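Chain by chain, the residues run as shown.
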Amino acid sequence: MSSAFNIFPDVSLSTVEIIQNNGYDVEVHHVTTEDGYILELHRIPRSKSGQEPTRNHPVFIHHGILGSSADWVLGGANMSLPMQLADDGYDVWLANCRGNTYSRKHVSLTWKQKNFWNFSLNEIGIYDLPASFDYILINNNVSQLHYIGYSMGTCVFFIMASERPEYQPKIRSQISLAPVAYLSNTRSALRYIAPYARIINMMYQKMAGGMIMPQSRLQTFLASTICREKMTQKLICEKCIIFSVCGSDPYDFDSKLIPYIMGHFPAGTSAKLASHFAQFILKESFGQFDYGPVLNLRYYNSTEPPTYDLKSINVPITLIYGENDLLADPEDVMRLKVQLPKLMDAFPVKTPYCNHVDFLWSLKVKEQVNDPIRGILQKTDDMNWRYSGPDPSIVGNEISDGDRKGTYNIVPRPLPNRYNELDFALAMDYFLKNLDSIIASTMPQTVNDNDTADFDRVSEQQKILFGNVIRSLKVAEKKYGQLRDGVAYEIEDWTGSMAIGVSDARKTMEKHVSQTATLVNGKIAIAGKSVANGIVMTEKKIVDGVMKAEKSVVGGIIKAEQSVVDGISKAEHYVNFGLRKADQVVGNTLNTTLTRLNRAFWFMKKG
């Protein structure tokens, strides 16, 4: 693994190093939020030629889920929106939300503590964004800034504007790339994982303290090896990982960037935040984190979480979306559009193949995404500009239900009522049975004759890989279930014995107390017939008897409590042992599958 790092050290360069290597100055700033998180902002303070900013307002740019500031600069100056905006004379600031590679510090917590990862999209919206805005505006001595968000970066902005309306006047204009608020129509493969988000969240809370998918050495190794080799790069990293989630673009996506993408992405977040995203897929609403009916009553005084009030957002907003974006489906974008009272414009990228990641890494990103953004900023940055209503160009850009329905073969997602071995097995069988339809639903519309052959080939490759992965998961889950059953039987047997022991101890204590009470009552009767001196002596004996009885009872209770504590400790030991064993079984199974796949790829390549 270390040799791979030496051969391909560029895949793990930091955001600062990438910007510097492209000839730009860069600054690192740290911002502390109201709840104690320390965020790292990356600033490009001047153009490549060294010219100081000439524009009136700074630009703040926010990444997507599991992303970081590196996402905006991986493609170099010819593709990078921040670098091009710096050359246009803007003071550019790049966000890093709490929990990612660059923002993993807190005033009182460490990232290894479970409480550090107790946040959802809501906290980023109400804490991270306001803290960043205040810092930038004070630093630049201005009253407004431009906001550009991508995917999750749009979502947290809508949350901020809804929940912290006092910050709306500080936003000069907002541009949403691949906007995310409603996700109920998403065609991404994530819709099939979403029903299991709650149990996945619980698993990560137990095994990783709530952290999910951080940047790792293994990730860098894979980026330097599997995602460098041409065949595995195309089959696994591009078509079966990126395209199944974001949409297939066999023409404009820059596959040469895959090793660099995989070297920086994912950058980590909380399992709670990922579960919040899954909630948008499963529900028709855009609302706060759903804790379940009981806890919702505690947090919100309602069994359902409150929805964010999009109609209260009085910020000039432009929506730019992709017609082939599986995650931010155009139908959901149109639903969002009608909720925004100060919509400037809403239009698709001018290619039917534009998917979710083409906003960052398309070969034509400058012409199709960056240049329209630069045009919008040039207009809204003028000090005399005022919002005057929707741009006439949005007319005719909407996608009607008639145009969309029937175009894709959407498979209803499974929604199990509870998660257990049977549910998981049924879900895996469901995926295998409907794999053709599921993969077909991720393909874009065919535009010309070449598309059919290309998409058919991609579909067949995905069927082979996903079919093998699903079968491996079924085997791993079966082994995990067997191991878990064994542990459960042991715990059940032990707890049964412990319960009997506690019951026997309670009966013994009750009998002892009853006998003591009888003895005390007898002594009281004798004392009544005695003289004063005898009464005094008897009272002393009574007190001694009661104290002895109390001591005996307390001792018995302490002993019983200690027995229970020891039992719980033993049970936790069994559970942790079982989980470690299960992880080992799953890891061995996945390693075996990858080894077989690599061997198959090698033979295919030799052939």
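Definitions and limits used
- Residues numbered from 1 in each chain as written.
- Predicted model: local features only at pLDDT ≥ 70, side-chain atom pairs only at ≥ 80, totals over all residues.
- Heavy atoms only, no water.
- Buried < 20%, exposed > 50% of the residue type's maximum accessible area, 1.4 Å probe, protein only.
- Helix = DSSP H or I, 4+ residues; strand = E, 2+ residues; numbered from the N terminus.
- Salt bridge = Lys/Arg side-chain N within 4 Å of Asp/Glu carboxyl O.
- Axes fitted to C-alpha atoms, helices over the stretch in contact; angles between N-to-C directions.
- Parallel < 35°, antiparallel > 145°, perpendicular 65-115°, else oblique.
- Contact = heavy atoms within 4.5 Å.
- Nonpolar A, V, L, I, M, F, W, Y, C, P; charged D, E, K, R; others polar.
- Expected span 1.5 Å × (residues − 1).
- Bend = angle between axes of the 7 residues up to and from the residue.
- Core = buried A, V, L, I, M, F, W, Y, C linked by side-chain atoms within 4.5 Å.
- Pairing = 2+ DSSP bridges.
- Right-handed = clockwise from strand over helix to strand, strands pointing away.
- Phe/Tyr/Trp six-rings, centres within 6.5 Å; stacked < 30°, edge-to-face > 60°.
- Lys NZ or Arg CZ within 6 Å of the ring centre and 35° of its normal.

### A word on helix α12 (residues 330–337)
Phase 1 of the analysis: For α12, a buried count of six out of eight residues is recorded, marking the element as mostly surrounded by other parts of the structure.
Phase 2 of the analysis: Residues of α12 that are buried include every one of Pro330, Asp332, Val333, Met334, Leu336 and Lys337, and no others.

### Comments concerning the pattern of salt bridges
A side chain of one charge can pair with a side chain of the opposite charge when the charged atoms of the two come close.
Phase 1 of the analysis: Scanning the entire structure with this criterion turns up 16 salt bridges.
Phase 2 of the analysis: Measuring nitrogen to oxygen at the nearest pair gives 2.8 Å for the salt bridge that ties Arg43 to Asp91. In this pair, Arg43 sits in strand β2 (residues 37–44) while Asp91 sits in the loop between α3 (81–87) and β4 (92–94), placing the two residues 48 residues apart along the sequence. With respect to class, Arg43 is no different from Asp91; both count as buried.
Phase 3 of the analysis: In this structure, Asp329 engages Arg187 in a salt bridge whose closest nitrogen and oxygen atoms are separated by 3.4 Å. Highlighted residues: Asp329 in the loop between β10 (317–321) and α12 and Arg187 in the loop between β7 (171–177) and α6 (197–208), separated in sequence by 142 residues. In this pair, the class of Asp329 matches that of Arg187, namely buried.

### Considering the packing of helix α4 (residues 121–140) against helix α5 (residues 152–163)
Phase 1 of the analysis: Two numbers describe how α4 lies on α5: the axes approach to 8 Å, and their chain directions differ by 80 degrees. If you check the angle between α4 and α5, you find them roughly perpendicular. Contact residues: Leu121, Asn122, Ile124, Gly125, Ile126, Leu129, Pro130 and Phe133 in α4; Met152, Cys155, Val156, Phe157, Ile159, Met160 and Glu163 in α5.
Phase 2 of the analysis: Of the residues that constitute the contact of α4 with α5, the class distribution is twelve nonpolar, two polar and one charged.

### A short note on α4
Phase 1 of the analysis: In this model α4 runs 27 Å from its N-terminal to its C-terminal C-alpha over 20 residues, within 8% of the 28 Å that 1.5 Å per residue would give.
Phase 2 of the analysis: The sharpest bend along α4 reaches about 25 degrees and sits at Asp128, with the proline Pro130 one to four residues further on.
Phase 3 of the analysis: With respect to burial, α4 is a largely interior element, 14 of its 20 residues being buried.
Phase 4 of the analysis: Of the residues flanking the end of α4, it is Asn141, one or two places downstream, whose phi is positive at about 55 degrees.

### A look at the packing of α6 against helix α10 (residues 271–282)
Phase 1 of the analysis: At their nearest, the axes of α6 and α10 sit 9 Å apart, and the two run at 180 degrees to each other. Judged by the angle between their axes, α6 and α10 are roughly antiparallel. The residues of α10 that touch α6, namely those facing Ala197, Arg198, Asn201, Tyr204 and Gln205, are Ala271, Lys272, Ser275 and Ala278.
Phase 2 of the analysis: Here the contact of α6 with α10 is composed, by residue class, of four nonpolar, three polar and two charged.

### Looking at the nonpolar core
Generally speaking, nonpolar side chains in soluble globular proteins are found buried as a group.
Phase 1 of the analysis: Judged by nonpolar contacts, the single largest core of 59 residues is most densely connected at Phe60, Leu121, Phe133, Phe157, Phe158 and Phe286.
Phase 2 of the analysis: At the level of secondary structure, the elements contributing two or more residues to this core comprise β2, α4, β6 (145–150), α5, α10, β10, α12 and β11 (343–348).
Phase 3 of the analysis: Ranked by size, the runner-up nonpolar core spans 44 residues in total, among them Val26, Val59, Met262 and Leu360.

### Some words on the pairing of strand β3 (residues 59–62)
Phase 1 of the analysis: Neither face of β3 is left uncovered, since the one carrying Val59 and Ile61 and the one carrying Phe60 and His62 both have all their residues buried.
Phase 2 of the analysis: Note that β3 and β4 share three bridges and pair parallel. The partner of Phe60 across the bridge, within β4, is Trp93.
Phase 3 of the analysis: One crossover worth recording links β3 to the parallel β4 by way of α3, and it is right-handed.
Phase 4 of the analysis: Of the strand pairs in this sheet, β3 and β6 are connected by four bridges, and their pairing is parallel. Its bridge partner lying in β6, His62 is registered against Gly149.

### Description of the packing of aromatic side chains
Phase 1 of the analysis: Per the stated rule, a full pass over the model turns up 19 aromatic pairs.
Phase 2 of the analysis: Ring pairing ties together the aromatic residues Phe60, Phe133, Tyr147, Phe157 and Phe158, which thus form one cluster.
Phase 3 of the analysis: Taking the ring centre of Tyr37 as reference, the NZ or CZ of Arg98 above it sits at 3.9 Å.
Phase 4 of the analysis: The ring of Phe119 has Arg98 lying over it, and the distance from NZ or CZ to the ring centre is 5.7 Å.

As far as function goes, none of this settles anything; it's purely spatial.
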